[in-house]
Each structure stands twice: as structure tokens, then as C-alpha cells.
Amino acid sequence: SQRLLLSQVAGCTLPLVAMLLLLLSLLLSPQGCSARYDPTWESLDSRPLPTWFDEVKFGIFIHWGVFSVPSFGSEWFWWYWQKEKRQPYVKFMETNYPPGFSYEDFGPLFTAEFFDANQWADILKASGAKYVVLTSKHHEGFTLWGSKYSWNWNAVNVGPKRDIVAELATSIRKRTDLHFGLYHSLFEWFNPLFLYDVSNAFKTREFPTAKSLPELYEIVTKYQPEILWSDGNGNAPDTYWNSTGFLAWLYNDSPVRDTVVTNDRWGVGSICKHGGYYTCSDRYNPGHLLPHKWENCMTIDKWSWGYRRNAQLSDYLTIEELIKQLVETVSCGGNLLMNIGPTHDGRIDVIFQERLRQMGDWLRVNGEAIYGTKPWRNQNDTVTPGVWYTFKPKEETVYAIFLNWPISGTLVLGDPKTIIGETQVKLIGHKGQLKWVSLGEKGMTVAVPQLTLNQLPCQWGWTLQLTNVK
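Scoring rules and cut-offs
Residues numbered from 1 in each chain as written. Predicted model: local features only at pLDDT ≥ 70, side-chain atom pairs only at ≥ 80, totals over all residues. Heavy atoms only, no water. Helix = DSSP H or I, 4+ residues; strand = E, 2+ residues; numbered from the N terminus. Buried < 20%, exposed > 50% of the residue type's maximum accessible area, 1.4 Å probe, protein only. Areas by Shrake-Rupley, 256 points an atom, 1.4 Å probe, with all protein chains shown as cover. Lys, Arg positive; Asp, Glu negative; His and termini not counted. Charge placed at Lys NZ, Arg CZ, Asp CG, Glu CD. UniProt positions renumbered as here; feature names shortened; annotations may be inferred. Axes fitted to C-alpha atoms, helices over the stretch in contact; angles between N-to-C directions. Parallel < 35°, antiparallel > 145°, perpendicular 65-115°, else oblique. Left-handed = near helix turned anticlockwise from the far one by under 90°. Contact = heavy atoms within 4.5 Å. Nonpolar A, V, L, I, M, F, W, Y, C, P; charged D, E, K, R; others polar. Pairing = 2+ DSSP bridges. Right-handed = clockwise from strand over helix to strand, strands pointing away. Expected span 1.5 Å × (residues − 1).

A look at the overall build of the protein
Counting secondary structure elements, the protein contains 14 helices and 14 strands. Overall, the C-alpha framework of the protein stretches about 75 × 75 × 40 Å when taken along its three principal axes. The buried share of the protein, reckoned over its 470 residues, is 56%. As displayed, the protein offers around 20,900 Å² of accessible surface, 54% of which is attributable to carbon and sulfur atoms. Across the protein, the centroid of the 44 positively charged side chains sits 3 Å from that of the 46 negatively charged ones.

So, in C-alpha cells, the structure goes:
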């Protein structure tokens, strides 16, 4: 076929020949022109972040596991009870469970009888989120899939007797446009192999070789997640975990090599320094623009990632607080990953459902100021507090999202500079153009319409669409 193609171009003009030869070289080269990455941070960090991740802006985190059975205090229940022996946890067990009851005894009680992956997918879709990250395995070591490397401590052998990861992945992909992702803890609190390596100051590598790395290869190959959210380094360096070796395979040869996105939790010293995007710390919200793509992973429950039966209403962030988190995060170039914790029997509690649907309601009105935007030259207004900016370069549109409705009837914006005869201002969700007055180099004043509560486009934050401003 190569000789045939060359013979056919013999009589062509030189530019056409060159183009055909270039096409031939692309067809004959493996993987086209895809770059390959060495197992070094310098090489891995040079990989461009797949563009889809920056465009989607908003995702849902799901912390679900055996810790959802006691559902008391925190998803770190086992550690706080057995290792740190914190009094509230010790007392909780002494009061409610028989002597000798172990954490492993919670496994069969993780029943998931009400888990309906289709229902979950519909709830997540209604939230306006564009990706979801499920805890495939937390620090307790229990896998939500039937892992070959977690014998008798997984959701197929114990408890639900179901492949939770497979069910949710299938429903998400069939019923929504969300990108499906998996969280995976590198270490396990009480795994004997890990404790052996700890006792040897990580000079041995029994645990990552036999357990953690095989699991990672298994979930990527089997479920093809587009986000791989690593966590829990166990105070061990990335060399112990062979993180760079695994990521080189993930980026070069895995089934998701072109689309997968990774975070920065791959061993001591990697957080906020290496990986696809930075998380830096839980609930990270710097309030200013960062030079590298980042994510604010946070919880609706202020005190726990897993479900808590003892939570009070005041423990949950309000929808106003959640929208503020989203707007601040996106304005500063980040994504918001908002966490919910289902119950042991597989329900998304109604308080979480309400918050998710409220976010979806808000995004249905204001989504154009969130999805696919870029940070503007100013992230928040220098004159009026509670005003945050996003930007769409192609449309040359600036969005001013204001969290407090001005009782004066006017909103002063100190940063957009108007162009007389060209600048237009619109309240998203409300018909017609708004009137404005130029303040020269000091910005502009916008007259917001006098609306009743029922006439407001939404209840908890509003967006001005500004076109032809400097």
C-alpha cells in the first residue's frame, strides 16, 4: 500500500506530494503523533491537562463505604476509635455494640438495599454537575468493586454483594453527560502489609506491589475512569508508591490515556506540586488566581465527608454558602468538587438531594457564567464586595456574578470600563437591556430592575452579562 501511494503521487505537484507524504507518515507511525511520557515528574508534569476538565467547572464527590454503617463522627471512624481511641467514638461503641465487636463486623451491615444507580445518576444530573468522583476505596481498604486484591473485604463478597462501581459507572454513562471518576486511597490504615512496610521505614514495598498498584491498574482497565483522584499517601514518598511509573503507564498506554485527568496526591511532597491539577488541601479556596489548574474539594457537611446520623441542620452549608464557594472557585480558575455522603443502605439523604437540586436550579439560569469560562483580568470587584467575574474570550463577554441584591437599585462595578455606544448589560434570566452610567476609569454603575421575589431570575445570586467592555 505504501508503494501504491508513492506511485500515485509521482505526477503530483510538490506541495501535494509533501502533504501526502506527511499523511503517510502519520498513518504508519504508532499512536499518530501522541507524546509519550517518561516516569519522571518533569516529563509527567509536561502533559497538557485534557481540556474538558477546565470547561466543566463543577463536580460531585461521593464518600461511601463501611464507615457509612456507624455513620458517626467521621469517615475516619475506624482510626479514631481503634488507633487514637477518642472518647466519643469509644463511648459510642461501648453504648451501642456488644463487647468484642470489630470494625470488620460492620462489613455485612453495609447493605445498600436502597442503592439505585439510575436514581443516583438522575439526582447527579439534576445538580448541574459535569463530573462525579466515587470513593472506590477509602483508607479502610474496603473496595466498592470485587477486587481480586481485596479478598473478602469488598462490596461483591461482603455486604451489598454487588459491584457498586460498575453499576454507577453504567448508569452515569447511559443517563447523563457527566464524566465518571474514581477516588482511590493509596494506603490502608491497618493492612498488615502496609504496617510491615511502615516498620521498615518504607525500605520494603510489599504493600504497593501486592495491593495498591494492582488495584489501580485494575480499576483503570476495568472501569476506564476519566478522573483518577488519588489520596492517602500514608506518609510515604512517591518512590515507595511508584507513582511516576504508574502515571507513565496511565498517560501512555492505558485505555483512558488521552482523556484521563489526575490530581496531585501521589506521595509525600507531591501535593500542590505534581500531577494533572492541584488540590493542595481539603476545602482549598485561595480566593485569588493560581497559575496552575486547581480544584476545591469540599463537603456540604462541614465536619465530615461520610454520612453522619448525628449531624445537625446547622452542620450543613446553606445553598447561599455553596453558590458562594462555586462562584469564588470558578472566578479564580478552579473547579468545585462538592461532596455528599450516602447512607449505609444506599440513600442520598434528602438534605443532600435538596442542595444538589438547588445548585442545578441556579446553574440552569446562570450556567453560561460558569461552564466553559476563563478567569478575567480581575477575579472580584475592587469596589463592591461579593461581586466575582468570569470571562468568555471568544464571545468577548464578561460576567459579573453578584451575591447580594443591591437595595439601592444600583450596582457599582469598579473594574469593567465601558465603551460609549457599544457596551451592553443584561441580567441573565431577565428580558431586556439594563441601563448603565460610565464612571470613566472608575468603572460603571448599573441600574438593576425593581423586581418582586417571584420575578427574580433565581433566589441566591445573580449574573450580569457585560458585552463590549474593557
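Read on, since the account is not over.
Thoughts on the UniProt feature "transmembrane region" (unreviewed entry) in the protein
Taken from the UniProt record, the annotation "transmembrane region" (unreviewed entry) applies to residues 59-81. From the first C-alpha to the last, residues 59-81 spans 31 Å; its make-up is 22% helix and 17% strand.

Side note on the packing of helix α13 (residues 319-331) against helix α14 (residues 350-366)
One can describe the packing of α13 onto α14 by two numbers: an axis separation of 10 Å at closest approach and a directional angle of 55°. Considered as vectors, α13 and α14 are oriented oblique to each other. Of the two elements, α13 crosses α14, and the hand of that crossing is right-handed. Judged by residue contacts, Ile319, Leu322, Ile323, Leu326 and Val327 of α13 engage Arg355, Gln358, Met359, Trp362 and Leu363 from α14. Among the residues making up the contact of α13 with α14, the classes are represented as eight nonpolar, one polar and one charged.

Here's the deal with the pairing of strand β3 (residues 179-185)
Burial of β3 is extensive: seven of the seven residues sit out of reach of the surface. Residues His179, Gly181, Tyr183 and Ser185 of β3 are buried on one face, and the alternating residues Phe180, Leu182 and His184, pointing to the opposite face, are buried as well. Direction of pairing for strand β2 (residues 131-137) relative to β3: parallel, over a ladder of six bridges. Across the sheet, residue Val132 finds its bridge partner in β3, namely Phe180. Crossover handedness for the path β2 to helix α8 (residues 164-175) to β3: right-handed.

Some words on α8
Taking 1.5 Å as the rise per residue, α8 with 12 residues should run 16 Å; its terminal C-alpha atoms sit 16 Å apart, in good agreement. For α8, the full list of buried residues reads Ile164, Val165, Leu168, Ala169, Ser171 and Ile172. Structurally, α8 contributes buried residues whose contacts are with β1 (58-62), α7 (117-126), β2, β3 and α10 (206-223).

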